[in-house]
Amino acid sequence: MLNRFGSTSDMVIRDVQENGRNYILAIDEKGLYLTTPDYLDKNRADPNRYMSSRAAVPARLAALQLDPAALLSANQHRVRKAGEGEAKKKVNPLKASKRSMRA
């Protein structure tokens, strides 16, 4: 199932060291963002994914000699869209036939 608020390992591009701290560079439908390892693959929302500091990520990556545009284009395959890869809900034909009779 698609995790709309948390960070999962299939979103990870690489580990990044900034000012002696370990960050994880990840991608989602809105672009690149930096998060910390303690939010990865947890069943909770990742505030780094939805904070306004996300706008500063390209500048932070450029300061680390990383090309944000190249990273974004090279990792678009990691972005999952809503409904992609999810099984469709099965319909019970008996219940469906009873619904059509009520209408």
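The subject of this paragraph is the pattern of salt bridges. One pass over the structure, following the stated rule, counts 4 salt bridges. Here R49 ties to D28 by a salt bridge, and the two come within 2.8 Å at their closest N and O atoms. A residue pair is termed long-range when its members are at least 10 positions apart, and R49 in helix α1 (residues 47–50) and D28 in strand β2 (residues 21–28) qualify at 21 residues. Here the two residues R49 and D28 agree in accessibility, since each one is buried.

So, about the pairing of strand β1 (residues 12–18). As paired elements, β1 and β2 share 6 bridges and run antiparallel to each other. Its bridge partner lying in β2, R14 is registered against L25. With antiparallel pairing between neighbouring strands as the criterion, β1 and β2 make up a hairpin whose turn holds 2 residues, including N19 at a positive phi of roughly 55°.

With respect to the helices and strands, the residue D38 is situated in the loop between β3 (31–35) and α1. The spacing of D38 and Y23 is 15 residues in sequence and 9.8 Å in space, taken between C-alpha atoms.

Below, the discussion takes up the sheet that holds β2. The strand order across the open sheet formed by 3 strands is β1-β2-β3, and the pairing between neighbours is antiparallel. The sheet terminates laterally at β1 and β3, the two strands that pair on one side only. Each adjacent strand pair in this sheet contributes to an overall mean axis angle of 30°, direction not counted.

On to the packing of aromatic side chains. Scanning all chains against the criterion turns up 1 aromatic pair. Each ring, one from F5 and one from Y50, has its centre 6.1 Å from the other, and the planes form 55°; the classification is tilted. Taken together, the residues F5 in the segment before β1 and Y50 in helix α1 connect sequence positions 45 residues apart. Classification of F5 as partly exposed rests on a relative accessible area of 44%.

This paragraph deals with the nonpolar core. If you look at the biggest cluster of nonpolar residues, it comprises 12 residues: I13, V16, Y23, L25, I27, L32, L34, V57, L61, L66, L71 and V79. Of all the secondary structure elements, the ones that give two or more residues to this core are β1, β2, β3 and α2 (57–63). Looking at which element gives the most residues to this core, the answer is β2, with 3 residues.

Moving on to the side chain of R49. Under the relative-accessibility criterion, R49 is labelled buried at 2%. If we ignore the near neighbours within four places in the chain, the residues touching R49 are N3, R4, F5, G6, S7, M11, D28, E29, Y33 and R54.

Glancing now at the side chain of D28. What makes D28 buried here is its relative accessible area of 3%. The residues contacting D28, other than those within four sequence positions of it, are M11, Y33, R49, R54 and V79.

The rules behind the values
- Residues numbered from 1 in each chain as written.
- Predicted model: local features only at pLDDT ≥ 70, side-chain atom pairs only at ≥ 80, totals over all residues.
- Heavy atoms only, no water.
- Salt bridge = Lys/Arg side-chain N within 4 Å of Asp/Glu carboxyl O.
- Helix = DSSP H or I, 4+ residues; strand = E, 2+ residues; numbered from the N terminus.
- Buried < 20%, exposed > 50% of the residue type's maximum accessible area, 1.4 Å probe, protein only.
- Pairing = 2+ DSSP bridges.
- Axes fitted to C-alpha atoms, helices over the stretch in contact; angles between N-to-C directions.
- Phe/Tyr/Trp six-rings, centres within 6.5 Å; stacked < 30°, edge-to-face > 60°.
- Core = buried A, V, L, I, M, F, W, Y, C linked by side-chain atoms within 4.5 Å.
- Contact = heavy atoms within 4.5 Å.

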